[in-house]
Amino acid sequence: QVQLVESGGGLVQAGRSLRLSCTASGRTFNSLSIGWFRRAQGKEREFVAAIGSIGDRTHYHDSVKGRSTISRYNDNNTVFLEIDKLKPEDTAVYHCAAGDCYGYECWAIGRYPYWGQGTQVTVSS
């Protein structure tokens, strides 16, 4: 069993950066991939980024590729997602999730049995 808690969201101006944190508890965290997903109001939840269990593999959605970084520190059971050059269309509730996946499998919501409650990110223009 893994419990996930996100933090770091808030209101930020377009063009600025934000770093979201996902802190986990549970003995199996270090063996699981971590994904970040977001849901904008009125839209489906979408994949943002993912990182493998030891941090050697990362994936990004095209919408954030080149301006975001996902990293993990297994000693602290924490995963970070930093997004730079924020845009109003980045406004959403951001969730982290834990699961067993590899490669493009990690884009799929269904690969993640464990989810956090989410943190709101609002980007003003």
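Structure's up top.
My aim in this report is to walk through the structure given alongside it, one point at a time. Given the structure is predicted, the values throughout are model-derived calculations rather than measurements.

What counts and what doesn't
- Residues numbered from 1 in each chain as written.
- Predicted model: local features only at pLDDT ≥ 70, side-chain atom pairs only at ≥ 80, totals over all residues.
- Heavy atoms only, no water.
- Buried < 20%, exposed > 50% of the residue type's maximum accessible area, 1.4 Å probe, protein only.
- Helix = DSSP H or I, 4+ residues; strand = E, 2+ residues; numbered from the N terminus.
- Pairing = 2+ DSSP bridges.
- Axes fitted to C-alpha atoms, helices over the stretch in contact; angles between N-to-C directions.
- Salt bridge = Lys/Arg side-chain N within 4 Å of Asp/Glu carboxyl O.

**Considering the pairing of strand 1 (residues 3-7)**
Alright, step 1. By the alternation rule, side chains of strand 1 split into Leu4 and Glu6, which are all buried, and Gln3, Val5 and Ser7, of which none is buried.
Alright, step 2. The pairing of strand 1 with strand 3 (residues 18-25) spans five bridges and is classified as antiparallel. Paired with glutamine 3 across the two strands is serine 25, which belongs to strand 3.

**Thoughts on the sheet that holds strand 7 (residues 68-73)**
Strand pairing in a sheet takes place through backbone hydrogen bonds and is either antiparallel or parallel in direction.
Alright, step 1. In space, the four strands of this open sheet follow the order 1-3-8-7, with antiparallel pairing throughout. Sheet topology places strand 1 and strand 7 at the edges, where each strand pairs with a single neighbour. Between one strand axis and the next, the sheet turns through 15° on average, direction left out of account.

**Section: the pattern of salt bridges**
Charged atoms that come close allow side chains of opposite charge to pair.
Alright, step 1. Inspection of the entire model under this criterion finds six salt bridges.
Alright, step 2. Aspartate 56 is the salt-bridge partner of arginine 57, the closest N and O atoms lying 3.8 Å from each other.
Alright, step 3. We classify arginine 57 as partly exposed; its relative accessible area is 21%.
Alright, step 4. Linking aspartate 90 and arginine 67 is a salt bridge whose minimum nitrogen-to-oxygen distance equals 2.8 Å. You can see aspartate 90 sitting in the loop between strand 8 (78-83) and strand 9 (92-99) and its partner arginine 67 sitting in the loop between strand 6 (58-60) and strand 7, a full 23 residues away along the chain. For the pair aspartate 90 and arginine 67, one class covers both residues: buried.
Alright, step 5. One network of salt bridges, with partners in common, ties together Arg38, Glu46, Arg67 and Asp90.

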